[in-house]
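In case you want the letters, here they are:
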Amino acid sequence: MPSKVRRKPCAAVRGRKNLRRSARPAVPRRSAATPDLQALPGPKSIVRRELPNGAVVLARENFLSPSVVVLGALWAGGLDEREEKAGLAALTSMCLMRGAGKRSFHQIYNLLESAGATLSFGSGMHTTSFYCRCLAEDLPLALELAADALRRPSFPNDQFERLRGEYLTRLSVREQDTGERAYMAFAELAYAGHPYAHDKEGSPKTIRGITRRDLQDFHARWYGPRKMIFAVAGAAHSGKAIHLIEKYFGDWKNPLQTGRPALPPAPRAAKGVERRIPLSGKTQADLVLGIPGPARAAPDYLPAMLGNNILGVFGMYGRIGDAVREAEGLAYYSMSTLSGGVGPGPWMVLAGVNPDNVPRAVELIRREISRFTGSKVARGELADSQASIIGRIPLQMESNEGMAGSLMNIEMFNLGLDYYQRFPGLIRAITADQILEAARHYLHPERMVLAVAGPPEGG
């Protein structure tokens, strides 16, 4: 599964019970104003360079900030591990910084701390990624450390065993988390027979079975520069940033690195499935109701994304939030999310409720989904969401992190360098008919998967 969206929407919502409808002041409706297109990344402000070894660099300068952010992604993830080694990709990425090149774990962190820099690694279902933030003058040091970690990790045994212990503790915490357990059950059911049913976090059994040699073999087989992506944003000249990446990564080759098989289509269940996960000692139930949705490259992704904003994001979490939380006070939070990643990620509704309120909350959510797939969204709802999404784009790119993330999306999903300058027009052109068509294509209320984790009935 792609990275899932965390379910806790905000601190103010958590802990509140029996919320009642409150009068909300009328907000004047805004039209979808066009942002300054020249301020958005485009062909004139993005430098793209493909290195001879297949890696691609996208860079955009921003000298209003003294720092630089580099995001990186290479194609090694949970899809590349065997079921009996589930968690191997995650454990490998977490161990990269525990010793690399000629430096120990402590030497690496001392160098980063002395520079006030951040460097971290993680993995998902498709990729292993890294995040680097530093002052512009420290970019050579940060990239050197990143290259050592990715190319020459030493996986010292004492650090590996320590990290394994930390990882097992994390899994123990996950086992008692109602939101995590509901999502795990949902993924297993919604993607039965599909690679996305794989639990990339693994289990205590699989993690205990992973050896240091497994990490070395996984790294040797899957880590490499083929189609690797670097996204650089901040106070570094594009030419200098690309030169540094060439210096530290340009001679990297891995003949073992090949592409993985294409993902099969998302499964389509003939009927709805439910699973309850009893967890003793819990006072809250978390539920996930959903179905596989569109990949980011699907032609109806944008209508689905805009529709999802209406269904469970806009304002106080859209129609779902209005019906379940605002009108009846049944949920601590209730919202919908659409993954839209490399493959057919989930389109789902998440809610945290009093266990006694689960049946009524599910009934209301199903009713709203049926209404959403039964008729076109209102003109005002469409205009509000279009304005909201278009208005958020410049805000998302105010920071170097936001800009680098946008550059990463451009390359990863082959959107084109002018994508964000075209984006307002693309959103403004979406019609209520297109949203209804996308909703009916993916959201079948009678075929959706429901997973609920909470205290045992009567417990």
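Residues numbered from 1 in each chain as written. Predicted model: local features only at pLDDT ≥ 70, side-chain atom pairs only at ≥ 80, totals over all residues. Heavy atoms only, no water.

Peer 1: Help me understand the overall build of the chain, please; the structure alone is not making it clear to me.
Peer 2: Of the regular secondary structure elements, the chain holds 15 helices and 13 strands. In terms of overall dimensions, the chain is globule-like: its C-alpha atoms have a radius of gyration of 23 Å, near the 23 Å expected for 459 residues. Considered along the principal axes of its C-alpha atoms, the chain spans approximately 60 × 55 × 40 Å. Classification of the 459 residues of the chain by burial places 54% in the buried group. For the chain, contacts bridging at least 24 residues in sequence account for 84% of all contacts bridging at least 6. A total accessible area of about 20400 Å² is found for the chain, and carbon and sulfur atoms account for 52% of it. (Helix = DSSP H or I, 4+ residues; strand = E, 2+ residues; numbered from the N terminus. Rg over C-alpha atoms; globule rule 2.2 N^0.38 Å. Buried < 20%, exposed > 50% of the residue type's maximum accessible area, 1.4 Å probe, protein only. Contact = heavy atoms within 4.5 Å. Areas by Shrake-Rupley, 256 points an atom, 1.4 Å probe, with all protein chains shown as cover.)

Peer 1: What exactly am I supposed to notice about the environment of Leu-415 here?
Peer 2: Mapped onto the secondary structure, Leu-415 falls in the loop between helix H13 (400-412) and helix H14 (419-428). A C-alpha to C-alpha distance of 9.8 Å links Leu-415 and Arg-296, two positions 119 residues apart in sequence.

Peer 1: What's the story with the packing of helix H3 (residues 139-151) against helix H8 (residues 238-249) in this structure? I'm lost.
Peer 2: In helix packing, the relevant descriptors are the interaxial angle and the interaxial distance, both defined with respect to the helix axes. Closest axis-to-axis distance for the H3/H8 pair is 9 Å, and the angle between their directions is 35 degrees. The way H3 lies across H8 gives a crossing that is right-handed. Residue-level contacts link Leu-139, Pro-140, Leu-143, Glu-144, Ala-146, Ala-147, Leu-150 and Arg-151 of H3 to Ala-241, Leu-244, Ile-245, Tyr-248 and Phe-249 of H8. Here the residues of the contact of H3 with H8 are counted per class, giving eleven nonpolar, no polar and two charged. (Axes fitted to C-alpha atoms, helices over the stretch in contact; angles between N-to-C directions. Left-handed = near helix turned anticlockwise from the far one by under 90°. Nonpolar A, V, L, I, M, F, W, Y, C, P; charged D, E, K, R; others polar.)

Peer 1: Which parts of the structure should I look at to understand the layout of surface pockets?
Peer 2: Taken as a whole, the largest pocket encloses approximately 1500 Å³ of empty space. Every residue lining the largest pocket is counted, 50 residues in all, and those nearest its centre are Tyr-301, Ser-339, Gly-340, Asn-409 and Phe-413. When contributions to the lining of the largest pocket are tallied by element, the ones reaching two or more residues are strand S3 (67-74), helix H9 (301-312), strand S11 (331-338), strand S12 (346-353), helix H12 (379-396), H13 and H14. Among the residues making up the lining of the largest pocket, the classes are represented as 26 nonpolar, 20 polar and four charged. (1 Å grid on protein atoms, 1.4 Å probe; cavity = no way out; pocket = protein on both sides within 12 Å on 5 of 7 lines; lining within 4 Å. Points joined across faces, edges and corners; volume = space filled by probe spheres on them.)

Peer 1: Help me out: how do you make sense of the pattern of salt bridges in this one?
Peer 2: If the charged atoms of two oppositely charged side chains come close together, the side chains can form a pair. Tallied over the full model, the rule gives 28 salt bridges. Here Lys-376 ties to Asp-433 by a salt bridge, and the two come within 3.5 Å at their closest N and O atoms. Here the residue Lys-376 occupies a position in the loop between helix H11 (358-374) and H12, and Asp-433 occupies one in helix H15 (residues 432-442), the gap between them amounting to 57 residues. On the basis of relative accessible area, Lys-376 is assigned to the partly exposed category, the value being 46%. Given a relative accessible area of 48%, Asp-433 falls into the partly exposed group. It is possible to trace a salt-bridge network through shared partners that takes in Arg-103, Glu-144, Asp-148 and Arg-152. (Salt bridge = Lys/Arg side-chain N within 4 Å of Asp/Glu carboxyl O.)

Peer 1: I tried to follow the nonpolar core on my own but got confused; where do I start?
Peer 2: Soluble globular proteins tend to pack their nonpolar side chains together in the buried interior. The biggest cluster of nonpolar side chains holds 66 residues, and the ones touching the most others in it are Leu-287, Val-324 and Ile-365. Setting aside its immediate chain neighbours within four residues, Val-324 contacts Gly-329, Leu-330, Ala-331, Ser-334, Ala-361, Leu-364 and Ile-365. Residues Met-97, Cys-134, Ile-210 and Tyr-223 belong to the second largest nonpolar core, which totals 58 residues. (Core = buried A, V, L, I, M, F, W, Y, C linked by side-chain atoms within 4.5 Å.)

Peer 1: Please explain unusual backbone geometry as it appears in this structure.
Peer 2: Backbone phi values are negative for most residues with the exception of glycine, while trans is the configuration of most peptide bonds. Positive phi, close to 45 degrees, is recorded for Phe-155, a residue that is not glycine. Relative to the helices and strands, Phe-155 is located in the loop between H3 and helix H4 (157-175). In this structure Phe-155 comes out as buried when scored by relative accessible area, which is 2%. The backbone phi angle of Tyr-317 is positive, close to 70 degrees, even though this residue is not glycine. With respect to the secondary-structure elements, Tyr-317 resides in helix H10 (residues 314-326). A residue is classified by how much of its surface remains accessible, and Tyr-317, at 15% relative accessible area, is buried.

Peer 1: Honestly, the packing of aromatic side chains in this entry has me stumped. Any pointers?
Peer 2: For any pair of aromatic rings, the description rests on two quantities: the centre-to-centre distance and the angle between the ring planes. Applying the stated criterion across every chain, the model contains 13 aromatic pairs. Plain terms: the ring middles of Phe-130 and Phe-230 are 6.2 Å apart, the flat faces sit at 65 degrees to each other, and that makes the pair edge-to-face. In this pair, Phe-130 is assigned in strand S7 (residues 128-135) and Phe-230 in strand S8 (residues 229-234), connecting sequence segments 100 residues apart. Both residues of the pair, Phe-130 and Phe-230, belong to the buried class. For the cation-ring pair, Arg-98 lies above Phe-105, with the distance from its terminal atom to the ring centre recorded as 4.8 Å. Seen from the ring of Trp-222, Arg-221 lies directly overhead, with NZ or CZ sitting 4.0 Å from the centre. (Phe/Tyr/Trp six-rings, centres within 6.5 Å; stacked < 30°, edge-to-face > 60°. Lys NZ or Arg CZ within 6 Å of the ring centre and 35° of its normal.)

Peer 1: Would you explain empty space enclosed by the protein in this entry?
Peer 2: The probe, sized like a water molecule, is rolled over the atoms to show the empty space still left. Using the criterion set out here, one finds two cavities of 30 Å³ or more in the structure. The computed volume of the second largest cavity comes to approximately 30 Å³. Looking at the second largest cavity, the residues that line it are Gly-78, Ala-89, Ala-90, Ser-123, Gly-124, Lys-200 and Glu-201. In terms of residue class, the lining of the second largest cavity is built from two nonpolar, three polar and two charged.

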